[in-house]
Amino acid sequence: MIARGFTEPTERVKRLKKAIVDAIPYVESERAVLVTESYKETEGLSPIMRRAKAAEKIFNSLPVTIHPDELIVGAITKNLRSTEICPEFSYDWVEKEFKTMGSRIADPFQIPEETAKELAEAFKYWEGKTTSALADSYMSKETKDCIANGVFTVGNYFYGGVGHVCVDYGKVLKIGFAGIIKSVIEAMEKLDTSDPEYIKKKNFYEALVITYTAAINFAHRYGAKAREMASTCTDPKRKAELLQIAANCDRVPERGASNFYEACQAFWFVQILLQIEANGHSISPGRFDQYMNPYLAMDKAVSKEFAQELVDCIWVKLNDVNKTRDEISAQAFAGYAVFQNLIVGGQTEDGLDATNDVSYMCMEAVAHVKLPAPSFSIRVHQNTPDEFLYRACEVTRLGLGVPAMYNDEVIIPALCNRGVSLADARSYCIIGCVEPQCPHKTEGWHDAAFFNIAKVLEITLNNGKAGDKQLGPVTGEITSFTSLEDIFEAYQKQMEYFVYHLAEADNCVDFAHAERAPLPFLSALVDDCIGRGISVQEGGAIYNFTGPQAFGVADSGDSLCAIKKHVFDNKEITMAQLKDALANNFGYGCASNSTATICDDEAKIYEAVKRILSNNGSINLADLQAQLSSPQTACASGNADYAQVKRILENTPWFGNDDDEVDMIARRCGQIYSYEVEKYKNPRGGQFQAGCYPVSANVLFGKDVGALPDGRLAKTPLADGVSPRQGKDTNGPTAAAMSVAKLDHENYSNGTLYNQKFLPTALDGDEGLRRFSSVVRSYFDHKGMHVQFNVIDKETLLKAQANPENYKDLVVRVAGYSAQFTVLAKEVQDDIISRTEQEF
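Each value, and the rule that gives it
Residues numbered from 1 in each chain as written. Predicted model: local features only at pLDDT ≥ 70, side-chain atom pairs only at ≥ 80, totals over all residues. Heavy atoms only, no water. Phe/Tyr/Trp six-rings, centres within 6.5 Å; stacked < 30°, edge-to-face > 60°. Helix = DSSP H or I, 4+ residues; strand = E, 2+ residues; numbered from the N terminus. Buried < 20%, exposed > 50% of the residue type's maximum accessible area, 1.4 Å probe, protein only. pLDDT = per-residue confidence, 0-100. Contact = heavy atoms within 4.5 Å. Salt bridge = Lys/Arg side-chain N within 4 Å of Asp/Glu carboxyl O. Pairing = 2+ DSSP bridges. Right-handed = clockwise from strand over helix to strand, strands pointing away.

### So, the packing of aromatic side chains
In this description, an aromatic ring pair is defined by two values, namely the gap between the centres and the angle between the planes. Counted by the stated rule, this structure contains 40 aromatic pairs. Here the aromatic rings of Tyr 169 and Phe 267 are separated by 5.2 Å at their centres, their planes lie at 40°, and the arrangement is tilted. With Tyr 169 in helix α9 (residues 169–189) and Phe 267 in helix α12 (residues 260–277), this residue pair connects regions lying 98 residues apart in the sequence. A relative accessible area of 2% places Tyr 169 in the buried class. Centre to centre, the rings of Phe 218 and Phe 269 are 6.1 Å apart; their planes meet at 85°, and the pair counts as edge-to-face. Here the residue Phe 218 occupies a position in helix α10 (residues 198–232), and Phe 269 occupies one in helix α12, the gap between them amounting to 51 residues. Judged on exposure class, the residue Phe 218 and its partner Phe 269 are both buried.

### Overview of the confidence of the model for the protein
Mean pLDDT over the protein works out to 91, with 93% of the residues at or above the 70 mark. Long-range and interchain partners of residues 590–637, a stretch whose pLDDT sits below 50, account for 78 contacts in this model, where long-range means more than four residues apart.

### Brief notes about the pattern of salt bridges
Within the structure shown, the criterion is met by 54 salt bridges. Across the pair Lys 579 and Glu 477 runs a salt bridge, and its minimum N-O distance is 3.5 Å. Here Glu 477 lies in the loop between β12 (469–470) and α21 (484–516) and Lys 579 lies in helix α25 (residues 575–583), a separation of 102 residues in the sequence. The partly exposed category is assigned to Lys 579, whose relative accessible area is 38%. Across the pair Lys 826 and Asp 830 runs a salt bridge whose closest N-O atoms are separated by 2.9 Å. Placement of the pair is Lys 826 and Asp 830 together in helix α34 (residues 826–833), with a separation of four residues, close to one helical turn.

### As for the side chain of Ser 523
Tracing the backbone shows Ser 523 in helix α22 (residues 520–523). Taking relative accessible area as the criterion, Ser 523 reaches 0% and is therefore assigned buried. Other than its neighbours up to four places away in sequence, Ser 523 contacts Phe 204, Cys 529, Ser 535, Val 536 and Gln 537.

### Topic: the pairing of strand β5 (residues 375–380)
Each regular strand carries side chains that alternate between the two faces of the sheet. Within β5, six of the six residues are buried, which leaves the element mostly enclosed by the surrounding structure. Residues Ser 375, Ser 377 and Arg 379 line one face of β5 and the alternating positions Phe 376, Ile 378 and Val 380 line the opposite face, and both faces are buried. Here strand β4 (residues 341–345) runs beside β5; their pairing, made up of five bridges, is parallel. Note on β5: the bridge partner recorded for Asn 341 is Ser 375. One crossover worth recording links β4 to the parallel β5 by way of helix α16 (residues 357–369), and it is right-handed. Handedness of the crossover is the feature at issue here: the chain leaves β5, passes through helix α17 (residues 386–396), returns alongside strand β6 (residues 404–407), and the resulting connection is right-handed.

### Thoughts on the environment of Ala 562
Among the structural elements, Ala 562 can be located in helix α24 (residues 553–569). Residue Ala 562 is classed as buried on the basis of its relative accessible area, which comes to 0%. Along the chain, Ala 562 and Pro 653 lie 91 residues apart, while their C-alpha atoms are 8.2 Å from each other.

If you want it as structure tokens, here you go:
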């Protein structure tokens with residue numbers, strides 16, 4: 001027997017999970033009030049010292065909450081699965097949603113009236129003082145026009161704090177915060193007073209000491225709270241647990257961990273303190289098995305069962321971390337996504353297999369908890385044990401969308417190609433969705449933007465226009481193109497223009513964070529900020545990148561293949577006919593088809609454009625009204641000629657079926673983007689690197705793309721990541737994987753994302769496991785970078801959509817993360833339902 005099965009979780013873990021699943025997310029105001037008070041008190045101090053004083057006030061004053069049954073303690077909010085607001089990054093979108101956030105279609109949060117009043121009062125201070133306001137002031141009109149017209153968005157860091165990082169958890173477990181303070185003081189004592197940077201570096205070090213002293217007190221406050229609760233507890237077992245929690249918090253993370261329980265508690269304090277300092281998401285635990293296993297191995301007193309329960313408790317706690325976004329961004333990140341990526345397996349620095357006991361305990365935790373977080377991943381290489389991969393495939397059969405699987409044989413060379421040392425590349429982890437980096441040495445600025453490749457193709461076919469606006473350069477009317485090379489030449493010029501403005505936008509935001517929000521707590525845990533005497537945001541990390549990600553590769557490749565076959569090769573339609581059909585959405589206009597509803601409520605479109613596509617929240621409503629009233633969005637009765645054109649175009653070999661011709665066209669579309677991106681540098685002295693993954697933005701930003709030559713109707717979803725378009729990969733899972741493997745994954749060093757969906761029956765029994773693992777091995781042998789799976793049937797998803805109250809704990813893979821299916825926006829649910837169901 002290959003399958004080993006999974007044990008049952010403890011009753012405690014079941015109760016903790018139920019509390020998370022049943023929790024109603026709230027917006028809370030304490031952090032916003034505290035950071036505002038601190039900034040009022042520190043006018044005139046340096047940015048890093050203001051951040052340190054703010055952290056000090058927050059760490060010393062944020063409410064301390066210990067929930068029933070908890071063994072691992074520490075919370076960002078009083079209520080489970082709730083969120084605090086960080087107004088120093090942006091705030092106006094929160095104020096606009098005080099009355100609607102609780103009822104919106106994606107990721108609702110309740111905002112009590114008193115909380116809204118406290119936030120509104122705090123927000124008065126921040127006008128013109130946020131990082132988003134500064135970034136906006138740097139951007140040119142042309143760049144803002146690109147954003148406003150749906151070519152790209154820089155929303156993540158524009159509206160929120162910097163995340164997408166993995167810090168040195170192992171250092172905290174080894175020497176504690178006291179050891180970090182000692183290293184900072186030693187660095188400060190070595191400063192050369194004649195160095196012109198002396199004053200600034202000394203100020204940085206002083207900020208770190210203030211921050212970490214307060215962080216130690218934060219843990220001690222939890223120790224005091226646990227001791228206070230124990231004094232009135234009448235249950236002897238719980239009383240003993242609370243006293244042990246108090247002892248743990250007295251020791252860690254101030255000092256190094258002396259056993260596995262303390263290591264688990266220290267890890268968790270680091271995780272939430274990073275979230276409290278700034279609200280950037282994708283604070284990723286990284287190689288959890290590598291830094292935790294030494295403490296399990298040396299702890300002779302801990303039982304296997306209790307150690308597993310502690311890991312299970314961490315799994316539950318990771319689902320307590322939450323974040324709110326504006327209404328439209330919430331649809332792009334649907335499912336309360338926080339992207340805390342935890343990865344196991346892979347290699348050691350010297351290239352040996354790194355699998356250990358904690359690697360397998362993490363898989364058991366996934367089976368026990370069955371919740372969306374963490375974004376659980378595994379690393380696979382040529383010498384990965386078969387048992388490890390079989391076990392991972394067993395976890396996949398649970399239907400939770402995890403683990404995501406990553407190929408060392410592609411990612412390690414890709415990182416080395418970007419200047420990462422071989423030892424550091426072998427130590428890579430995954431950040432957020434699918435982004436590889438060397439842990440605690442990298443500021444990757446991952447997920448720096450969504451770049452809509454399909455939109456660039458649409459603009460190319462309209463001679464640089466987006467609607468009636470001349471947005472890009474004039475590169476020729478569609479009717480002037482006589483070959484595929486003509487289109488590629490125009491496409492290249494458009495790409496050069498829009499990637500330039502993408503880089504400008506990202507760098508504006510990068511500058512703003514360095515100037516207004518350097519993060520002292522984060523910086524001390526990233527090499528080599530202490531050695532260099534500067535923050536992460538100012539270039540303190542050893543490796544510095546900016547990673548914007550694209551989507552729409554399959555749509556662009558399929559579209560160009562359709563043009564080549566039916567216009568240039570077979571001459572079944574003319575470019576003039578194609579232009580007319582695209583302009584009129586193949587005659588559908590405002591009708592519905594079998595896969596999507598083309599009509600959108602006008603008010604919703606207004607909000608979408610205002611909040612996500614325009615950096616400053618403003619837009620010319622008259623222009624937008626004209627677009628919404630144009631013939632392209634008016635209802636049409638249909639046209640037989642357009643229908644015929646659509647039928648001809650759809651009779652094309654599509655990406656996803658191991659057809660070299662179309663696969664190479666898709667590969668080239670992506671390469672034009674990725675090669676252009678890598679030409680640019682960022683303010684931290686690092687390089688731009690491309691990624692190809694959408695989160696769930698392929699649904700949201702599909703609304704900004706008109707009809708395409710592959711027969712796709714206007715405003716419908718685009719393909720997700722590097723996956724084939726939904727329903728177009730009809731030759732089975734191996735053929736689909738071979739197509740995806742032909743993309744230039746090594747050059748997408750910021751990550752690629754490939755979704756596959758299997759029917760549960762296809763993976764039944766030991767034979768199903770063997771076939772499944774063979775698909776993974778074969779895909780990776782052919783240089784695929786990443787793959788993840790939904791193992792669920794369409795009927796179950798439809799039932800969950802119709803009766804969500806009966807499927808509250810149904811978890812599915814959305815993109816680079818998993819989420820409860822019932823909390824996703826309907827259009828994201830529909831996108832998942834429509835993915836091809838593979839069988840062997």
